[in-house]
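# Analysis of the macromolecular model
Letter by letter, the chains look like this.
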Amino acid sequence: MERAPLYIVRGVAKRGNVTYNCPSPEWAVRKYRDLQQRDWVELTITGPDGQTLTMVDLEGMSVEAAVPMANTPVYPS
């Protein structure tokens, strides 16, 4: 049985680090946006082949990009 490719999203905050092993680009887009909203820094995305991806790359692979950012809660700075 073949394993599904993983997209790895990592972030850093004062309280520690977080790593999400996402089974799809859509899941990775959601987790990346979650971390952005919570003011995590040094966000990175790694694709299944080990290559570093940008959010634009990830959204290009994902149908999640079709979800408008307006549907995402925005918190005042």
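Preceding this paragraph is the structure being described.
Rules used in this analysis
Residues numbered from 1 in each chain as written. Predicted model: local features only at pLDDT ≥ 70, side-chain atom pairs only at ≥ 80, totals over all residues. Heavy atoms only, no water. Helix = DSSP H or I, 4+ residues; strand = E, 2+ residues; numbered from the N terminus. Buried < 20%, exposed > 50% of the residue type's maximum accessible area, 1.4 Å probe, protein only. Contact = heavy atoms within 4.5 Å. Areas by Shrake-Rupley, 256 points an atom, 1.4 Å probe, with all protein chains shown as cover. Pairing = 2+ DSSP bridges. Axes fitted to C-alpha atoms, helices over the stretch in contact; angles between N-to-C directions. Phe/Tyr/Trp six-rings, centres within 6.5 Å; stacked < 30°, edge-to-face > 60°. Lys NZ or Arg CZ within 6 Å of the ring centre and 35° of its normal. Expected span 1.5 Å × (residues − 1).

### Remarks on the overall build of the chain
- Secondary structure assignment for the chain yields 2 helices and 4 strands.
- Going from N to C terminus, the chain has its helices and strands arranged as β-β-α-β-β-α.
- In the chain, buried positions account for 32% of the 77 residues.
- Considering only contacts within the chain whose residues lie at least 6 apart along the sequence, 52% involve residues at least 24 apart.
- About 5500 Å² of surface is accessible on the chain, with carbon and sulfur atoms providing 53% of the total.

### Description of the sheet that holds strand β4 (residues 52–53)
- Reading across from one edge, β2-β1-β3-β4 is the order of the 4 strands in this open sheet, with antiparallel pairing throughout. Each of the sheet's edge strands pairs with one partner strand only, and the pair in question is β2 (16–22) and β4.
- Pairing of strand β3 (residues 41–46) with β4 involves 2 bridges; the strand directions are antiparallel. Directly across from T46, in β4, lies its bridge partner T52.
- Across the sheet, helix α1 (residues 25–37) lies against β1 (7–13), β2 and β3, angled at about 5 degrees from β1, the strand it touches most.

### Notes on the packing of aromatic side chains
- Counting across every chain of the model gives 0 aromatic pairs.
- Here the guanidinium or amino end of K31 rests over the ring plane of Y20, the centre of that ring lying 4.9 Å away.

### Looking at α1
- Its 13 residues place the ends of α1 18 Å apart at the C-alpha level, agreeing with the 18 Å of an ideal helix rising 1.5 Å per residue.
- Of all the residues in α1, the buried ones are P25, E26, A28, V29, Y32, R33 and L35.
- On the buried face of α1, the contacting elements are β1, β2, β3 and α2 (55–61).
- Within two residues after α1, D39 carries a phi angle of roughly 65 degrees, on the positive side.

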